[in-house]
Amino acid sequence: MQLQINATRMSLLSYKKKLKLAKKGHKLLKDKLEELVRRFIKLVREYQKKRGDIESSLRIAYKKMFHAQINMSRLDFNEFIYSSPVEAELKVGSRKIMNIDVPELEVEIKGNIFSYSLSQTNVHLDDAIADYINIVKKMLELSSIEKAIYLLAAEIEKTRRRVNSLEYILIPNFEDAIKFINMKLDERSRSELTQLMKVKEMIVKKREENEYS
Amino acid sequence: MSQIAIIGDKETIFPFQAIGFETLIADAENVKEIFKKAVSQKKLIIFITEELVLFIEKEVNNTMKKPYPIVTLIPSVLDSEESSREDIVKLIEKVVGPNLMKEE
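Just so it is clear, the model here is predicted, and its values are computed rather than measured. (Residues numbered from 1 in each chain as written. Chains lettered and ligands numbered in written order. Predicted model: local features only at pLDDT ≥ 70, side-chain atom pairs only at ≥ 80, totals over all residues. Heavy atoms only, no water.)

Caption draft 1: The packing of aromatic side chains, seen in detail. Scanning the entire structure with this criterion turns up four aromatic pairs over all chains. Here the aromatic rings of Phe21(B) and Phe47(B) are separated by 5.9 Å at their centres, their planes lie at 5°, and the arrangement is stacked. One end of the pair, Phe21(B), is in the loop between helix H1 (10–13) and strand S2 (22–25); the other, Phe47(B), is in strand S3 (residues 45–49), with 26 residues separating them in the sequence. Neither residue differs from the other here; Phe21(B) and Phe47(B) are each classed as buried. Put simply, the rings of Tyr132(A), Phe16(B), Phe21(B) and Phe47(B) pair up and form one aromatic cluster. Just above the ring of Phe14(B) sits the side chain of Lys10(B); from NZ or CZ to the centre is 5.0 Å. (Phe/Tyr/Trp six-rings, centres within 6.5 Å; stacked < 30°, edge-to-face > 60°. Helix = DSSP H or I, 4+ residues; strand = E, 2+ residues; numbered from the N terminus. Buried < 20%, exposed > 50% of the residue type's maximum accessible area, 1.4 Å probe, protein only. Lys NZ or Arg CZ within 6 Å of the ring centre and 35° of its normal.)

Caption draft 2: View of the sheet that holds S2(B). In space, the four strands of this open sheet follow the order S2-S1-S3-S4 (chain B), with parallel pairing throughout. Lying at the two open borders of the sheet, with one neighbouring strand each, are S2 and strand S4 (70–74) of chain B. For this sheet, the mean angle separating the axes of adjacent strands, direction not counted, is 20°. Of the strands in this sheet, strand S1 (4–8), S3 and S4 of chain B touch helix H3 (residues 123–212) of chain A, which is tilted by about 125° from S4(B). Helix H2 (residues 31–40) of chain B rests against S1, S2, S3 and S4 of chain B of the sheet, and its axis sits at about 165° to S3(B). (Pairing = 2+ DSSP bridges. Axes fitted to C-alpha atoms, helices over the stretch in contact; angles between N-to-C directions. Contact = heavy atoms within 4.5 Å.)

Caption draft 3: Representation of the interface of chain A and chain B. Contacts between the two partners involve 47 residues from chain A and, on the opposite side, 49 residues from chain B. Across the contact surface, chain A and chain B share zero salt bridges. For the side of chain A that touches chain B, the elements supplying multiple residues, two or more each, are helix H1 (9–70), helix H2 (74–82), strand S1 (87–97), strand S2 (100–110) and H3 of chain A. Counting residues per element, the side of chain A that touches chain B draws most heavily on H3(A), at 15 residues. When its residues are assigned to classes, the side of chain A that touches chain B shows 31 nonpolar, six polar and ten charged. (Salt bridge = Lys/Arg side-chain N within 4 Å of Asp/Glu carboxyl O. Nonpolar A, V, L, I, M, F, W, Y, C, P; charged D, E, K, R; others polar.)

Caption draft 4: The pairing of S2(A), seen in detail. Residue and element names in this part refer to chain A. Where S1 meets S2, eleven bridges bridge the pair, whose relative direction is antiparallel. Bridge pairing in S2 links Glu 89 to Glu 108. In sequence, S1 turns back onto S2 through a hairpin of two residues, with Met 98 there showing a positive phi of about 50°.

Caption draft 5: Summary view of the nonpolar core. Core analysis: the biggest nonpolar cluster contains 60 residues, and Leu125(A), Leu140(A), Ile4(B), Phe16(B) and Phe47(B) have the highest contact counts within it. Of all elements in the fold, only H1, H2, S1, S2 and H3 of chain A together with S1, S3 and S4 of chain B reach the threshold of two or more residues within this core. The greatest single-element share of this core, amounting to 17 residues, is contributed by H3(A). The contacts of Leu125(A), once residues within four sequence positions are left out, are Met65(A), Ala68(A), Met72(A), Phe77(A), Phe80(A) and Tyr116(A). Core analysis: the second largest hydrophobic core is formed by 18 residues, Ala5(B), Val31(B), Ala38(B) and Ile56(B) among them. (Core = buried A, V, L, I, M, F, W, Y, C linked by side-chain atoms within 4.5 Å.)

From the geometry alone we can't say anything about function, so treat these as descriptive.
In structure tokens form, the structure reads like this:
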């Protein structure tokens, strides 16, 4: 890329300063990127483990609930669902991973869920409900990890773009500019030198002519 | 009103109502509207079954960039196979390059 450059010592100094800054920034950003990727991989591993765990336990819970359902009348089951006094209260906090706000979720199950009629329900329902409550807590953990993964991925992309633009555009540009100015300055000093030599030659010649005449 | 919504077929999500989630019963045709409604109601977390998410991938991807809502997939009663989390795998490949996670 051709830059508009003033070939002066002042601008040479300023370009050198800029280059130094850009290199420093590049190194810092690269370190940040590495750390982000490391955390990202750690989170993904955790996510995969938890995900498999939850999926299998959720399937077991579905089966238990199904057992409960077929041993009850539809009406009783619906009554149990609609009359449940339980409320899921969500607590939202946040923690920071590398300066990124990541949500942290916690759910509190309020109210006693085991307040249904014992004569109209069966033991499978107790079992299934206990499973569901356990799983819900884990599901929320999974949600926050998933969100953290997405947010980290976005940050990684952003940082990578910055690192690349520094590495492949900004730093080479500055280096080119410095090289260009150096060449220009050298050229100027050479031409000044030859000028001086020429002038000296002329002066010497004139003086000699004067002496002999 | 609960801040947690769950979208899916009736069999899967009905029991979650007992735990205090807001259950939104949906099928392939109206899942888009229901999801939009849930987002506009400022639900913090939306669980959605894997079969239904296929119909609204674009909408779900739009929410990924914002802090909320958090959309999480759950398996439904009907599918029994191991789920494949395509989007997460794609994301990993985009960020760290392929083959990095497979060594486990």
